[in-house]
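Examining the three-dimensional arrangement
As a plain string of letters, each chain reads:
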Amino acid sequence: QVQLVESGGGLVQAGGSLRLSCAASGGTFSNYAMGWFRQAPGKGREFVAAINWNGGSTYYADSVKGRFTISRDNAENRVYLQMNSLKPEDTALYYCAASGSYPRTPRGEHEYGYWGQGTQVTVSS
C-alpha cells in the first residue's frame, strides 16, 4: 500500500507561483508513475500532469503546458508540481496519485490506484 500526502497549497495572486509537494510512503516509489490531478468547485476531477517512473517522460494537460512542471526525486520519495503564471482558473483542490502501470504513464484517473487527500490552491484575480 502506498500512502500519499500533499503539501504546498495556499492563496496566491494571479501571476504568482506555488510549488506543490507529495510525499510517498509504504511502497517502492520508483515502481510507480505519478500524477497530479485537480478538482475545481462544481466540476469533475481533471488530469494536470504525469511523470514516468524515472522522471524521463512527462505529460501535461494543454491548459497548464508551459506554466507547470512536474518532477520527482526517487531518493526522497517525492513528486513535485511547480506552478508558475497562475491564473484564477487554476483554483482547485490538487491531488497527487500513484499508478502501478509500469512502464506506462497513464493520464486517466481510473488508472491511478493510490490518492492523497489533496491540497487547496486558490488564485485571486
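Located above this text is the structure these notes cover.
I will try to describe carefully the structure that is included in this document.

Rules used throughout
Residues numbered from 1 in each chain as written. Predicted model: local features only at pLDDT ≥ 70, side-chain atom pairs only at ≥ 80, totals over all residues. Heavy atoms only, no water. Core = buried A, V, L, I, M, F, W, Y, C linked by side-chain atoms within 4.5 Å. Buried < 20%, exposed > 50% of the residue type's maximum accessible area, 1.4 Å probe, protein only. Helix = DSSP H or I, 4+ residues; strand = E, 2+ residues; numbered from the N terminus. Contact = heavy atoms within 4.5 Å.

Turning next to the nonpolar core. Grouped together as the largest cluster of nonpolar side chains are 34 residues, with contacts concentrated most on Met34, Trp36, Val79, Leu81, Met83 and Tyr94. Those elements that provide at least two residues to this core are strand E3 (18-25), strand E4 (33-39), strand E5 (45-51), strand E7 (68-73), strand E8 (78-83), strand E9 (92-99) and strand E11 (119-124).

Here we take up the environment of Thr28. Residue position: Thr28 is located in the loop between E3 and E4. For Thr28, a relative accessible area of 45% gives the class partly exposed. Expressed as a C-alpha distance, the spacing of Thr28 and Val2, which sit 26 residues apart in the sequence, is 8.5 Å.

We now examine the environment of Val48. Note on placement: Val48 falls in strand E5. For Val48, a relative accessible area of 1% puts it in the buried group. As for Val48 and Arg107, which are separated by 59 residues in sequence, their C-alpha atoms are 8.5 Å apart. Once residues within four sequence positions are removed from consideration, Val48 is found in contact with Trp36, Phe37, Arg38, Tyr59, Tyr60, Ala61, Val64, Phe68, Leu81 and Tyr94.

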